[in-house]
Every structure is written in C-alpha cells, then in structure tokens.
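Read off the chains here:
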Amino acid sequence: MKRRLSILHTFLLLSCFAFFLSSCKTVNELPTQPSEQISQTETSEAAFSTPTQAQTETVNSSRDIGHIGLGIESGWSADDVSAYMDYTGGEMTLPIFLESSGRVQTVGIGILLFLDGKPQPYRLEGESEYTYLHIFYPTSDRIIENLYLTPVSGEVGESPDLYVMSLLRPDYYPSQGPANTMTYTGGSVVAGLRLNIKATPDQAVFPEAPVRLQNIQVTQEDCPYADVAGWSQDDFLQRNESRSSVDGHPGNGVNRIYGLTEESKVALHYELWGSDRLQCNYVIFVDNVPIASAEGITIEAPVISGKKTIIDATLDMTGFTGESVIYAVRVPRNYYASGGRMGYLQGESYFFLLAGEKPAG
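Residues numbered from 1 in each chain as written. Predicted model: local features only at pLDDT ≥ 70, side-chain atom pairs only at ≥ 80, totals over all residues. Heavy atoms only, no water.

(A) Fine view of the overall build of the chain. Helices and strands together make up the secondary structure of the chain, namely 2 helices and 26 strands. The buried share among the 361 residues of the chain stands at 54%. For the chain, restricting intrachain contacts to residue pairs at least 6 apart in sequence, the fraction spanning at least 24 positions comes to 73%. Counting only carbon and sulfur atoms, one obtains 50% of the accessible surface of the chain, whose full area is about 15,500 Å². (Helix = DSSP H or I, 4+ residues; strand = E, 2+ residues; numbered from the N terminus. Buried < 20%, exposed > 50% of the residue type's maximum accessible area, 1.4 Å probe, protein only. Contact = heavy atoms within 4.5 Å. Areas by Shrake-Rupley, 256 points an atom, 1.4 Å probe, with all protein chains shown as cover.)

Dropping the structure here:
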C-alpha cells in the first residue's frame, strides 16, 4: 500500500504494507476499515491533504474499479491545533472536492456530514430542503460541489469537529446482483476540521429521524489485554478502537442476515475502547437515514481509561420491505481539540437485512 502526503499540491511518497485495506498509521492518520465484501487480492493507495485530510482508496486499478478522494476545497485556515473554518451566521457554504476515476464515477459517491458528533443535513444548489445524503456521479476526475448548511449544533465560542464522509455506491442492495465495487462504509474516505462558532446558528428545519432504536444500554467493563496488546504509551493517550455486530454476526464475518420480517427485533452491539481524551457519539443509519431512539438521534459513548464501553440496542423493523442496509458511524466530538492522532471518524461494518431464507451453498 502506498501513502501520498499532499500539502498544497506538493506530494511526498511513502510506502508500507498492510493486510487488505488497513492503512499505515502516521501522525494525522485516517484509519480505514477492511472491507468484508472483497475477497480477491487488492492494492490500496491512501492519500490525505493537510490540513483537510482527504484520503483516497484505489482498488485493483487493473480492473478499472478506480479511486476516490475528497477534501474541503477552500474557505479554511490553519493554526497550531488544526485546520478550521469560521461560522459567522446564517446558512454557510462548504465547498468540497471529489477526485475519482473508473467505475467509482458510475456507481456513485454518497456524501454525509457530521458536526459535533451529530449527523448534519445539507442541501445542494437549487434545493430548498435539507437531507442527510446526496449521491454524486462525477463526469470528470475532479469536481467541486458547494454544500449549503445551517449548523445543527454549536454555541458561540465553541469549535466542534466537522467531518465530510463518503459512501461508495450507497444505493446498492444484494438483489441487484454482485456489487463489483466496494460499497457503503467499506469504501469510505473522510476529511475534517474545526468549525469555529462565532454566531448563534439560525433556526432551520431539519429532517426528522425515524424512531426505531429501543432498549439502549451503555455500560463499561474492564478492557481485556487482548484488545490493547502491542499498544504503545502514546496509543493509550491518543488511540480509539471499536468493533460491532448485528444480530450476533460480527463485523469481520458474513454481513447478510436472512429470515427477517417486519415483526423482527434485531440486536445491535458496539464496543469502543482507548483514550479517554477522545469522546465519541454513535450514529446508526438504516438505508442511509439516521435513526433515533426516544432519547434522540445520537448515542453518547464515553470512554473511560482502562475500560471498554459497550452499547447494546434493539432495532425495530417496522416498515421493513424485505431488503435494508444498516451501519453505524463512530463520530469523534473533540478529535482536533484533543490533539487526536488515531481516533478519527470511523464507519463501522455494514450489514444487509434481508427477508427470506439464506440461499443454499
């Protein structure tokens, strides 16, 4: 795997090796998650642009699957903490760039935003309503898109984290046949910075999240040594790791869950451990829409030194039509302010929720 460090169009090439799509870890690293969907041998190239930290994945270019990269195009500055943008009131414009090639352009690139640990709705030019996801089909290797948003969170004087996250082919379902590309969080890249709130955000109409989460329990237990074996002292100060399962299926296993109906209750399980400097929220998406509990749209996941945070919840399948996709995003709230290094935003494993019996063989 190759890493390309870009600072204002000046490139420094580094190289290292990894298993599947795991990234080499360096300062300001954006860790990537191995894809459960791809079994063939692959190559991966990750790139990020300081200070916007765009990351690129290139998968088996000989088959013309292509690559994807993103970043914040303009309007930011940098200090000794990180990159930042100022919010001065009203609806703000967030210009992002998307770099892509090959089949990536034709299958579509979805964009999600997160602010202060919450999903951030936005609109495009010519739209009047905010939504959480837009899908882009680039017709050139590099495009610039203006995203318009009113901050969903933030008080004057605060500097919450703002993230841009991609999803690859976010409208794919197994009934369409083989994907032939990475999909959803398996193909995610991320860019982020601090948003300095200098004016109280205007009131805005945001889409309502369907209430489908029940029985949420957040507990802590001692973190087993096996989960931190090999960690350095620096890791314990700056690193977070996580794992997930859905209906008992682990994130590194088969991600198709059969036999579900509208009356089913699906068990969700998430584990988070590492530095107590980094505080995170979990946001759970079904069919690319964030879902909520009676308590709200996010699940706080406090990290306690030496402990593992356990989140258990039940997904209500009301409205299920036979085929859905579910994934969670672990969203740091203070990555930049904490001097973060290895606890970046993480898209957890995705799972397909399916009616009917599992096919034979």
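(B) A look at the packing of aromatic side chains. This structure, assessed with the given rule, holds 15 aromatic pairs. Relative to Phe285, the ring of Phe114 lies with its centre 6.0 Å away and its plane at 85 degrees, an arrangement referred to as edge-to-face. Taken together, the positions of Phe114 in strand β9 (residues 109-115) and Phe285 in strand β20 (residues 280-286) put the pair 171 residues apart, joining distant regions of the chain. Here Phe114 and Phe285 have matching classes, each one buried. With 6.4 Å between their ring centres and 85 degrees between their planes, Tyr336 and Tyr344 make a pair best called edge-to-face. A single burial state applies to Tyr336 and to Tyr344, both of which are buried. Clustering of aromatic rings is evident, with ring pairs tying together Phe114, Tyr172, Tyr184, Phe285, Tyr327, Tyr350 and Phe352. Sitting above the plane of the Trp273 ring, Lys308 keeps its charged end 4.8 Å from the centroid. (Phe/Tyr/Trp six-rings, centres within 6.5 Å; stacked < 30°, edge-to-face > 60°. Lys NZ or Arg CZ within 6 Å of the ring centre and 35° of its normal.)

(C) Structural context of the sheet that holds strand β23 (residues 307-316). Strands sit in the order β15-β23-β19-β16-β17 across an open sheet of 5 strands; the sheet is antiparallel. Every interior strand has two partners, whereas the edge strands, β15 (213-222) and β17 (249-250), have only one. Where strand β16 (residues 240-246) meets β17, 2 bridges bridge the pair, whose relative direction is antiparallel. Note on β17: the bridge partner recorded for Val246 is His249. (Pairing = 2+ DSSP bridges.)

(D) Fine view of the environment of Val246. Checked against the element boundaries, Val246 lands in strand β16. Sequence separation between Val246 and Leu353 is 107 residues, and the spatial gap between their C-alpha atoms is 9.5 Å. Not counting the four nearest positions on each side in its chain, Val246 is found in contact with Ile257, Val266, Ala267, Leu268, Ile326, Phe351 and Leu353.

(E) Spotlight on the pairing of β20. The buried fraction of β20 amounts to 7 of the 7 residues, a majority that puts the element mostly inside the structure. Burial along β20 is two-sided: the residues Cys280, Tyr282, Ile284 and Val286 and Asn281, Val283 and Phe285 are all buried. Pairing geometry for β20 and strand β24 (residues 323-332), over 7 bridges, is antiparallel. Residue pairing in the sheet places Tyr282 in a bridge with Arg330 of β24.

(F) Looking closely at the nonpolar core. With 31 residues, the main nonpolar core has Leu94, Ile111, Leu113, Tyr122, Leu147, Val164 and Leu195 as its most contacted residues. When contributions to this core are tallied by element, the ones reaching two or more residues are β5 (67-72), β7 (83-87), β8 (92-100), α1 (103-107), β9, β12 (142-149), β13 (161-168) and β14 (190-197). With residues near it in sequence (within four places) discarded, Leu195 still touches Met85, Asp86, Tyr87, Met92, Leu115, Pro151, Glu158, Ser159, Pro160 and Leu162. Counting residues in each nonpolar core, the second largest holds 25 residues, with Tyr163, Val331, Leu345 and Tyr350 among its members. (Core = buried A, V, L, I, M, F, W, Y, C linked by side-chain atoms within 4.5 Å.)

(G) Examining the pattern of salt bridges more closely. The final tally for this structure, using the stated rule, is 15 salt bridges. For Arg333, the salt bridge is made with Asp116, and the minimal N-O distance between the two is 3.5 Å. Linking Arg333 in the loop between β24 and β25 (346-347) with Asp116 in the loop between β9 and β10 (118-119), this pair joins segments that are 217 residues apart in sequence. Put simply, Asp227, Arg243, Glu271 and Lys308 are held in one network by salt bridges that share partners. (Salt bridge = Lys/Arg side-chain N within 4 Å of Asp/Glu carboxyl O.)

(H) Local environment of the confidence of the model for the chain. Across the chain, pLDDT averages 82, with 82% of residues at or above 70. At the level of individual helices and strands, the chain shows its lowest average pLDDT in strand β2 (residues 10-15), which scores 20, and its highest in β10, which scores 98. (pLDDT = per-residue confidence, 0-100.)

(I) Region of interest: unusual backbone geometry. You will see that Asn215, though not glycine, has its phi angle at about 55 degrees, which is positive. Positionally, Asn215 belongs in strand β15. You can call Asn215 exposed: its relative accessible area is 55%. Positive phi, close to 55 degrees, is recorded for Asp247, a residue that is not glycine. With respect to the secondary-structure elements, Asp247 resides in the loop between β16 and β17.

(J) Structural context of the pairing of β5. Among the 6 residues that make up β5, 6 are buried, leaving the element largely enclosed by the rest of the structure. Here β5 shows no split at all, with His67, Gly69 and Gly71 on one side and Ile68, Leu70 and Ile72 on the other all buried. The sheet contact formed by β5 and β8 spans 5 bridges and is antiparallel. Directly across from Ile68, in β8, lies its bridge partner Ser100.

(K) View of the side chain of Arg330. Looking at the secondary structure, you find Arg330 in strand β24. For the buried Arg330, no salt bridge is present, and the opposite-charge side chain at shortest range is Glu348, 4.7 Å distant. Looking at Arg330, its side chain comes within polar contact range of the main-chain oxygen of Tyr344, at 3.2 Å. Each residue touching Arg330, except ones within four places of it in the same chain, is listed here: Asn240, Glu241, Ser242, Leu272, Cys280, Asn281, Tyr282, Gly343, Tyr344, Leu345, Gln346 and Glu348. (Lys, Arg positive; Asp, Glu negative; His and termini not counted. Polar contact = N/O pair within 3.5 Å; in protein donor to acceptor, adjacent residues only side chain to side chain.)

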